[in-house]
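Analysis of the macromolecular model
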Amino acid sequence: MSLGIKSLWRAQSCAFRLAGLSLIPREQYNPLFIQRSSFQRWFSASTGEAETSLVDKNSTNQVLTGKSLSNPTRALYKQVIKRFSLRPKKSVLVKPPAQYISKRKSRQSLHESRRSAARQHLYDHLREAASEPASHWRWTLNFMLRHTRDVREILNFRVIIGKGVAAEARRMLSEPDTDISQICRRNECDVRIEETSPHKGTLILNLSGSEHSVRKSLVDIIGVVGKITAVRVFDPIWKTLLLDAWKRVPGKRPEIRLLGNGKVSVDDRMMTLYTSSSNSTKYKDYRLTRRADEISRPTVWTKDSLEKYVAALVHGQVPTYLAQSLYPNPPPDHQGTVVSLLADLFTSEHTKSAISLSALKMAINFIESRGAGYRHVSRSIFSQVELLDLPMDADIFNTFLVSASKARNLDSFNTILRSMVRKGHAPQGRAWVAFMEMIQSPTAKQYIAAKLRTKGLNRNSSIHCAIGRQMAVADLEHRLSATIDIQDFVNKQNRKYGRRWLDTITLNRILDVLGEHGHIDACNDLLDLVYTTRIARPNTITLNIILTHTEKMPQLMALKSVSARWPKLALDDVSYHLLFRAAWKRGYPNMLRVIWRYAALARSTTSKMRLSLTKILTQESDLSRDRAFMKAWEDVIFGRSELTEMRTIHLDRLTGPHMISNYIEQAKNMRPSVSFATKLEEAHLMDLEINRLDTEGTIMTTSTRESLSVEIPLEPIPEKRTLPQRPRKMAGTSHNRRQA
């Protein structure tokens, strides 16, 4: 069986499901994962009574009746926390609790630590019940060290493909399984296509990586292009280094000659190597406005058409406001529908000849990222595709390793790792990063980082930066004190790990740690540094972290500060909800008006926002003091004319979604003419004036209320200019953002 599984299939137990490896038989696939009955397999007892000793019938019934449908292991964790003293054997996999200034956040950290311990305790119990041997993280470390290749030197090449074969090379290096991005990931090297070529008609690649990865990549490129007649290497030393890789090519392509400096090829079908990173995805997310099962299927299944169909499934993003109408009776929801379609696609007899490795990777990446509930489906797909003799690479095993790492399941990680090595794939950088992500102990992380240096992996810039990203938060927590010098901290990290260690994800993690410990000034210093040096690119999550940690402080100042530095940074539903909650607690009707209207026009309202404002519209009696104040100012929050019009139509059944529909209908092809931050600041000043008048006991007349209401002017949305189409790039082409 695949992934190291040798035992015969039998009825599934909780032990196997939580281990992250499915034993679903290849010849009998039945996608029951979206049906309620499938969750019974989580609690079936084919390995004794291990599960029933952990979970009572009430917990099982909660899962089967849908109360815990989103996470079937939640009931297990609760029972383990209640009934056992949590002392798991793999303590390095347990997230340690942290102490923060806020007692609530400290309790939350303690709860997360106990859940983490409960998960490891459950793994230990199930492994013992199945009579499986215990594993240790040091054994995994030593196994990876034995099978990871040494990286002695990073080689850099400039590869020029002659104009006689450049067009063919461009086409072949864009095919599904021979794309440049696939070569990058498979061999763990950087291949960059130059945008402007000084040699007209030629194709220029910049190749960088370890000696082993560069050798394999060059052989792959030569094999893919197919019409190269000669390869010239100008540096004689590097010609010697690549000689053993070259010897593997003439066996299949005896007509290719290896030329040195000064030798001239008889034609222009030559590849030239000069001594001298990007692995961008080929497809991008797009907005999907219909059900996944309504996406058009190709009439003829080819490798290209199947890959594009898979990309349309996994990259389609259903807007929040459409999810309920498209999938009114989940399960299955959008995710479940896509997973079901992918399972049918890769197990169908009609698509066998069209399955490509790139399409398989996209499907498995999507399914593994959806959580433990769908993980057995990706294992089943992998087992089915293995029967087709499709050549696998280390990248697909890395995806399974990352999934096991997220589940903190060392046993599953070991099983996948050993299967990967048995099939001839050595652990790569992604495997090491996944291993470090799984380990929660800072001391153990430092030990692993030191061992990585002994293998020379720190000489690979991408791996070196990944180590820095893993150690950044641990290094920061050791330095947390009353004051922290951000510039000094970043400089020290740069000296240890290079200048590329601070990416967007690491930036967000550091901001979160600083915010949790109350170092808001340090957060501002870090954002100033990022803005000045451009060493990272903040995203919407960055903004949400800042808004979260300034909840009891002026959020408006934080919003203005971030928006001034990065004006194109878009808000999402979480951003609007954080601002809405703060304005609600302070009783600011104009701020609620602005947040509600802008969120409605952006289709980014949350269920809690809609529910809170619906209660104001419908509830007339038994109101609390704060809610009564909001009720008195409902015409300001919703708009006097809009509220009157909708009340005439819906009477006492008026809800928040009705108001949203009215706003969108009125603003068709229009948008607010003033930025959100500017208008929110104006609303804040107006609300301060309302609070002052209310404190003084001023009687609010109709004219006074109208003068204290913020206007939200609209303007037509400018038409997009049609630009001439640019030539298609092979490694970085993006999927058309078409609306279904």
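No experiment lies behind these values; they were computed from the predicted model shown. (Residues numbered from 1 in each chain as written. Predicted model: local features only at pLDDT ≥ 70, side-chain atom pairs only at ≥ 80, totals over all residues. Heavy atoms only, no water.)

Re the overall build of the chain
Looking only at helices and strands, the chain has 34 helices and 10 strands in total. Looking at the chain as a whole, 51% of its 740 residues qualify as buried. (Helix = DSSP H or I, 4+ residues; strand = E, 2+ residues; numbered from the N terminus. Buried < 20%, exposed > 50% of the residue type's maximum accessible area, 1.4 Å probe, protein only.)

Considering the packing of helix H26 (residues 573–586) against helix H27 (residues 589–601)
It is at 9 Å that the axes of H26 and H27 come closest, and there the two elements cross at 160°. Between H26 and H27, the angle is such that the two are roughly antiparallel. Between H26 and H27 lies a crossing of left-handed hand. Between H26, through Tyr576, Leu579, Phe580, Ala583 and Trp584, and H27, the contact on the second element is made entirely by Met591, Leu592, Ile595, Tyr598 and Ala599. Along the lines of polarity and charge, the residues of the contact of H26 with H27 split into 10 nonpolar, no polar and no charged. (Axes fitted to C-alpha atoms, helices over the stretch in contact; angles between N-to-C directions. Parallel < 35°, antiparallel > 145°, perpendicular 65-115°, else oblique. Left-handed = near helix turned anticlockwise from the far one by under 90°. Contact = heavy atoms within 4.5 Å. Nonpolar A, V, L, I, M, F, W, Y, C, P; charged D, E, K, R; others polar.)

Observations regarding the nonpolar core
Phe346 and Phe435 are the most contacted members of the largest nonpolar core, which totals 150 residues. In contact with Phe435, other than residues within four places in its own chain, are Trp137, Thr140, Leu141, Met144, Leu410, Phe413 and Ile448. Counting 16 residues, the second largest nonpolar core, distinct from the first, contains Ile183, Cys189, Val191 and Leu218. (Core = buried A, V, L, I, M, F, W, Y, C linked by side-chain atoms within 4.5 Å.)

A short note on the packing of aromatic side chains
Taken as a whole and judged by the stated rule, the model has 13 aromatic pairs. Both rings, one in Trp301 and one in Tyr309, keep their centres 5.7 Å apart while their planes meet at 70°; by these two values the pair is edge-to-face. Seen in terms of ring centroids, Trp432 and Phe435 are 6.5 Å apart; in terms of plane orientation they differ by 75°. Their pairing is edge-to-face. Of this pair, Trp432 and Phe435 both sit in helix H18 (residues 429–438), 3 residues apart, roughly one helical turn. Assessed through its relative accessible area of 1%, Trp432 is described here as buried. Connected via pairs of aromatic rings, a cluster forms that spans Phe382, Phe397 and Phe400. A cation over a ring is seen here: Arg138 above Tyr447, with NZ or CZ 4.7 Å from the ring centre. Cation over ring: Arg418 sits above Phe143, and NZ or CZ is 4.4 Å from the ring centre. (Phe/Tyr/Trp six-rings, centres within 6.5 Å; stacked < 30°, edge-to-face > 60°. Lys NZ or Arg CZ within 6 Å of the ring centre and 35° of its normal.)

Things to note about the pattern of salt bridges
For the coordinates displayed, the defined rule picks out 31 salt bridges. A salt bridge links Lys361 to Asp393, with the nearest nitrogen and oxygen atoms 2.7 Å apart. One end of the pair, Lys361, is in helix H14 (residues 357–369); the other, Asp393, is in the loop between helix H15 (375–386) and helix H16 (394–406), with 32 residues separating them in the sequence. Arg375 is the partner of Glu368 in a salt bridge, and the nearest nitrogen-oxygen pair spans 3.8 Å. Each of Lys361, Asp393, Asp395 and Arg430 takes part in salt bridges that share partners, so that together they form one network. (Salt bridge = Lys/Arg side-chain N within 4 Å of Asp/Glu carboxyl O.)

Structural notes on the environment of Phe397
Take Phe397: it is sitting in helix H16. Remark: the alpha-carbon pair of Phe397 and His425, spanning 28 residues in sequence, is separated by 8.8 Å.

Thoughts on the confidence of the model for the chain
Summarising the model, the chain shows a mean pLDDT of 76, and 72% of its residues fall at 70 or more. Scored below 50 in pLDDT, residues 4–71 makes 137 contacts in the model with residues more than four places away or belonging to other chains. Residue range residues 249–255 is modelled with pLDDT below 50. Its contacts to residues more than four positions away, or to other chains, number 8 contacts. (pLDDT = per-residue confidence, 0-100.)

Side note on the environment of Ala599
Structurally, the position occupied by Ala599 is in helix H27. Residue classification places Ala599 among the buried positions, given a relative accessible area of 0%. If we skip the residues at most four places from it in the chain, Ala599 touches Tyr576, Ser604, Thr605 and Met609.

Structural notes on unusual backbone geometry
Positive phi outside glycine occurs at Asp389, with the angle close to 60°. Checked against the element boundaries, Asp389 lands in the loop between H15 and H16. Given a relative accessible area of 69%, Asp389 falls into the exposed group.

Comments concerning helix H32 (residues 656–666)
Of all the residues in H32, the buried ones are Gly656, Met659, Ile660, Asn662 and Tyr663. Buried residues of H32, viewed axially, fall in a sector of 160°; they line one side. Where H32 is buried, its residues touch H27, helix H28 (607–618), helix H30 (634–638) and helix H31 (640–650). (Arc of directions from axis to C-beta.)

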